[in-house]
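Residues per chain, in single letters:
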Amino acid sequence: MEIYLPIAGMSINFFLVIGLGVLVGFLSGMFGVGGGFLLTPLMMMVGIPPAVAAASDSNQIVAAASSGAFAHWRLGNVDFKLGLIILIGGITGGTIGVQLVKVLRSLGNFEFVMKVVYVLMLGLVGGAMFIESLNTIRRSKAKTVEPVTSAQPKLTKVFSKLPLKMHFHRSGLHTSAIFPFGIGAIVGVLAALLGVGGGFIMVPAMIYIIGMPTIVAIGTDLFQIVLTSANVTLQQAFVNKTVDILLALILLAGSTIGAQFGALVGKRLKGEQIRILLAVIVLAMTVKLFLDLVIEPDYLVSLAPAKGGGH
């Protein structure tokens, strides 16, 4: 069954789109990630224009993250003061990112830059996750126990010495507001360029650099994801006109279904098994995008319809 996506300007099989949503929702439920960093490349692989894929993915992330943010708010796991600083950074970065997308599209280089950033980012994240999971599995087989230390990470101490110190009661921190703002700005730019929520960058940064408790980091991250992605979605819609609501709704429906099955499967796997599987998937996606960059296409020149009429 073919459906027409008005913003993407193409017809596509309905079951293919909802299948992508189910697949990413399944992975999201199993691995506990948003899935945006997988969904955008998958949409590009089935022919959806990169700019539309990224912007529409941001749209469905808003809806998908809202329920999680609400649940964590009810449990008291959201540090609103720190979250607002991250959000200000995210809105700043998102605004810059949307304008960057506009410039890159006008130059015809958006898809290339997007794939390069994806390859670098996914390669680093997937590689680090794979090595960490492999080491954990080896230690568990050797039955060795690592000594547990309660010392603060060195980076946490460094950033706490920066100016503009603030007290964050819910996180139990007295630290500089510069780093939360900065990491929020980086995630905002990535949200505009890649259509990701940025949780796979933000949560480790909150825990290992800022020094937040894990559960508060997750709740605060979901809070900023909702508003940062909403800001990016609105700006993409008005500035670049790349948000396809129909596409986002179908993906959201599929991901909601898939997440339920993924959660059931995830309960049967150990933590290190889940992480190494996710790392393998991320690295496989990295290889596919890298090959797209270096392999010569079948057609070196493609013709596009002229804008604004003409012959």
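Structural data are supplied above this passage.
**Here's the deal with the nonpolar core**
1) Next: Within the largest apolar cluster, 41 residues are counted, with the highest numbers of intra-cluster contacts made by Phe37, Met43, Ile48, Tyr118, Leu122, Leu194 and Leu247.
2) Next: Broken down by element, the residue count for this core peaks at 7 residues, all from helix α5 (residues 110-142).
3) Next: Phe179, Ile183, Val203 and Ile209 belong to the second-largest nonpolar core, a separate cluster that totals 19 residues.

**Some remarks on the packing of aromatic side chains**
1) Next: Counted under the stated rule, the structure contains 2 aromatic pairs.
2) Next: A centroid spacing of 5.5 Å and a plane angle of 80° characterise the contact between Phe14 and Phe15, whose relative ring orientation is edge-to-face.
3) Next: Ring plane angle 80° and centroid distance 5.2 Å describe the contact between Phe80 and Phe223, whose orientation is recorded as edge-to-face. Here the residue Phe80 occupies a position in helix α4 (residues 80-107), and Phe223 occupies one in helix α9 (residues 214-240), the gap between them amounting to 143 residues.
4) Next: Of note, Lys81 hangs over the ring of Phe168, and the distance from its end group to the ring centre comes to 5.8 Å.

**Concerning the environment of Lys115**
1) Next: The residue Lys115 is located in helix α5 in this model.
2) Next: Owing to a relative accessible area of 12%, Lys115 belongs among the buried residues under this scheme.
3) Next: Considered as a pair, Lys115 and Phe290 are 175 residues apart in the sequence and their alpha carbons are 7.6 Å apart.
4) Next: Among all residues touching Lys115, those that are not within four sequence positions of it are Met44, Leu289, Asp292 and Leu293.

**Description of α9**
1) Next: The end-to-end C-alpha distance of α9 is 36 Å, a good match for the 39 Å that 27 residues give at a rise of 1.5 Å each.
2) Next: Lys241 occupies a position one or two residues after α9 and carries a positive phi of about 55°.

**Quick notes on the environment of Leu162**
1) Next: Positionally, Leu162 belongs in the loop between α6 (154-160) and β3 (165-168).
2) Next: Not counting chain neighbours up to four residues away, the residues in contact with Leu162 comprise Ser176 and Ile178.

**What about the pairing of strand β4 (residues 173-176)?**
As a general feature of sheets, a regular strand has side chains that alternate between the two faces.
1) Next: Pairing analysis gives 4 bridges linking β3 to β4, with the strands arranged antiparallel. From the neighbouring strand, Phe168 faces β4, where its bridge partner is Leu173.
2) Next: Where β3 hands over to β4, the hairpin turn is made up of 4 residues, of which Gly172 adopts a positive phi near 70°.

**Focus on α4**
1) Next: Look at α4: 39 Å from first C-alpha to last across 28 residues, which is about the 40 Å you get at 1.5 Å a residue.
2) Next: For α4, the N-terminal capping position is held by Asp79, with its side-chain oxygen 3.3 Å away from the main-chain nitrogen of Lys81.
3) Next: Following α4 by one or two positions, Gly108 has its phi on the positive side, about 80°.

**Re the side chain of Asp79**
1) Next: Along the chain, the position of Asp79 falls in the loop between α3 (50-74) and α4.
2) Next: For the buried Asp79, no salt bridge exists, and the shortest N-O distance to an oppositely charged side chain is 7.0 Å, to Arg170.
3) Next: Within the local environment of Asp79, its side chain forms a polar contact with the backbone nitrogen of Lys81, the two atoms lying 3.3 Å apart.

What counts, and where the lines are drawn
- Residues numbered from 1 in each chain as written.
- Predicted model: local features only at pLDDT ≥ 70, side-chain atom pairs only at ≥ 80, totals over all residues.
- Heavy atoms only, no water.
- Core = buried A, V, L, I, M, F, W, Y, C linked by side-chain atoms within 4.5 Å.
- Buried < 20%, exposed > 50% of the residue type's maximum accessible area, 1.4 Å probe, protein only.
- Helix = DSSP H or I, 4+ residues; strand = E, 2+ residues; numbered from the N terminus.
- Phe/Tyr/Trp six-rings, centres within 6.5 Å; stacked < 30°, edge-to-face > 60°.
- Lys NZ or Arg CZ within 6 Å of the ring centre and 35° of its normal.
- Contact = heavy atoms within 4.5 Å.
- Expected span 1.5 Å × (residues − 1).
- Pairing = 2+ DSSP bridges.
- Polar contact = N/O pair within 3.5 Å; in protein donor to acceptor, adjacent residues only side chain to side chain.
- Lys, Arg positive; Asp, Glu negative; His and termini not counted.
- Salt bridge = Lys/Arg side-chain N within 4 Å of Asp/Glu carboxyl O.

Taken by themselves, the reported measurements are silent on function.
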